Amino acid sequence: MTFNQKRFPIIALALTLLAAGCSSKNSDFYILNPAKFSNIQRHQACRNKILVERVQIPGYIDKPEIVTRTNQNQLIQAEFHRWGEPLSGNIRDVVMQNLSSQLPRDAILTYPRLTTSQINYYLLLKVNQFDVSSTGLSILKVTWSIYDHDRKLMLTRNPTYRFYARNPNNYEDITSTMNKNLTALSSDLAFHLKRLGCGG
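This write-up is about the structure you can find in this document. Residue positions are given per chain, counted from 1 along the sequence in the order it is written. It should be noted that, the model being predicted, local features are given only for residues of pLDDT at least 70 and side-chain atom pairs only at 80 or more, the latter also being counted only at that level, while totals for whole chains, interfaces and linings use all residues. Excluding hydrogens and water, the side-chain figures rest on all heavy atoms present in the structure.

1. Considering the side chain of Asn181
Then comes step 1: Strands are runs of DSSP state E lasting at least 2 residues, helices are runs of H or I lasting at least 4, and numbering of each runs from the N terminus. Mapped onto the elements, Asn181 comes out in helix α3 (residues 171-196).
Then comes step 2: A distance of 3.2 Å separates the side chain of Asn181 from the backbone oxygen of Tyr161, its partner in a polar contact. Pairing of N or O atoms within 3.5 Å defines a polar contact, subject to two protein rules: one partner must be a possible hydrogen donor and the other a possible acceptor, and residues neighboring in sequence count only if both atoms are side-chain atoms.

What follows is the structure in structure tokens.
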């Protein structure tokens, strides 16, 4: 074997590694954020303690990759566009912060709760759909229920929220539109919690 023949496998390996390095791409990470509310009207001074329990999400979005929907039965997981933290916890935290902004006299809590006093209302959220279509339509379908201090069901609803992303191929627009879904959900929850008034 000549010197050049010995060098060829080494050169080929180096070129392969170089090509792999050039083709690699860093992932972008995204997070949902609470909204900024203005002109909040303070409701009566109930000072309720509202406990937001764990948010349930369907398995198809319970993963790091952001999921978009190409049609009713086909989903795409974005390899390089990911959530910065588990989505169920992110949704819960955003809803809690939105409620705290809209119900400033109430204490919005979650587990582990840092109080031994009685909870006035328990809030349960089950997300049934939360994704964006190839046309930019962001859909949030959710079942939410409010229970009183004795865990008696007070109210339950199954709303659907729809907003369009300006650019369905831009993940900043996609996640921003998903934020609008959560803002609408939070506003509905705040409205009904105000109507329930002071818990027992």
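2. Things to note about the nonpolar core
Then comes step 1: Leu32, Ile91, Leu99, Phe130, Trp144 and Leu185 are the most contacted members of the largest nonpolar core, which totals 41 residues.
Then comes step 2: Breaking this core down by element, the ones donating at least two residues are β2 (49-52), β3 (65-69), β4 (75-83), α2 (87-102), β6 (121-133), β7 (137-147) and α3.
Then comes step 3: The greatest single-element share of this core, amounting to nine residues, is contributed by α3.
Then comes step 4: Discounting residues that sit within four places of it in the chain, Ile91 has contacts with Leu32, Val55, Ile57, Val127, Phe130 and Leu182. We define the nonpolar core as a collection of buried residues of types Ala, Val, Leu, Ile, Met, Phe, Trp, Tyr and Cys that are connected through side-chain atoms lying within 4.5 Å of one another. Burial here depends on accessible area, computed with a 1.4 Å probe over protein chains only, as a share of the maximum for the residue type. Under 20% is buried, over 50% is exposed, and the range in between is partly exposed. In what follows, residue pairs with any heavy atoms lying within 4.5 Å of each other are defined as contacts.

3. Some remarks on the environment of Lys36
Then comes step 1: Assignment of secondary structure puts Lys36 in the loop between β1 (28-30) and β2.
Then comes step 2: You can call Lys36 exposed: its relative accessible area is 85%.
Then comes step 3: Sequence-wise, Lys36 and Thr183 are 147 residues apart; in three dimensions their C-alpha atoms are separated by 9.2 Å.

4. A short note on the environment of Glu65
Then comes step 1: With respect to the secondary-structure elements, Glu65 resides in strand β3.
Then comes step 2: On a C-alpha basis, the gap between Glu65 and Trp83 in space is 6.3 Å, while along the polypeptide they are 18 residues apart.
Then comes step 3: Those residues in contact with Glu65, other than ones at most four positions away along the chain, are Gln77, Ala78, His81, Arg82 and Trp83.

5. Quick look at the packing of α2 against α3
Then comes step 1: All axes are obtained by fitting lines to C-alpha atoms, using only the stretch in contact for helices, and the reported angles, taken between N-to-C directions, cover 0 to 180 degrees. Running from N to C, α2 and α3 point in directions that differ by 50°, and their axes come no closer than 9 Å. With respect to each other, α2 and α3 are oriented oblique. The element α2 and its partner α3 pack so that their crossing is right-handed. Here α2 contributes Ile91, Val94, Val95, Asn98, Leu99 and Gln102 to the contact with α3, which in turn contributes Leu182, Thr183, Leu185, Ser186, Ser187, Leu189, Ala190, Leu193 and Lys194.
Then comes step 2: Following the grouping adopted for this structure description, the nonpolar residues are Ala, Val, Leu, Ile, Met, Phe, Trp, Tyr, Cys and Pro, the charged ones are Asp, Glu, Lys and Arg, and the polar ones are all others, Gly among them. Split into classes, the residues belonging to the contact of α2 with α3 amount to nine nonpolar, five polar and one charged. Note that the term roughly parallel is reserved for angles under 35 degrees, roughly antiparallel for angles over 145, roughly perpendicular for angles of 65 to 115, and oblique for everything else. In a left-handed crossing the near helix is turned counterclockwise from the far helix by less than a right angle, and in a right-handed crossing that turn is clockwise.

6. Notes on the state of the cysteines
Then comes step 1: In plain terms, two cysteine sulfur atoms within 2.5 Å form what is called a disulfide here. Tallied over the full model, the rule gives one disulfide.
Then comes step 2: Disulfide pairing places Cys46 opposite Cys198 at an S-S distance of 2.0 Å. Because the sign of the S-S torsion sets the handedness, a value of about -80° for the bond joining Cys46 and Cys198 places this disulfide among the left-handed ones. You can see Cys46 sitting in the loop between β1 and β2 and its partner Cys198 sitting in the segment after α3, a full 152 residues away along the chain.

7. Quick notes on the environment of Gln56
Then comes step 1: Looking at where Gln56 falls in the secondary structure, it is placed in the loop between β2 and β3.
Then comes step 2: For Gln56 and Leu125, which are 69 residues apart along the polypeptide, the C-alpha to C-alpha distance reads 6.4 Å.
Then comes step 3: Filtering out sequence-adjacent residues up to four positions away, Gln56 remains in contact with Leu125, Lys126 and Val127.

8. Observations concerning the pairing of β7
Then comes step 1: Where burial is concerned, most of β7 is hidden: eight out of the eleven residues are buried.
Then comes step 2: Here, any two strands with at least 2 DSSP bridges between them count as paired. For β6 and β7, the ladder comprises ten bridges, and the chain directions are antiparallel. Paired with Val132 across the strands is Ser138, a residue of β7.
Then comes step 3: Here β6 folds back onto β7 in antiparallel fashion, the turn holding three residues, of which Gly136 has a positive phi close to 95°.
Then comes step 4: Judged from the five bridges that link them, β7 and strand β9 (residues 160-164) form a sheet pairing that is antiparallel. Pairing of Ile139 across the sheet is with Arg162, part of β9.
Then comes step 5: Counting the residues that bridge the hairpin from β7 to strand β8 (residues 153-157) gives five residues, and of these Arg151 lies at a positive phi of roughly 65°.

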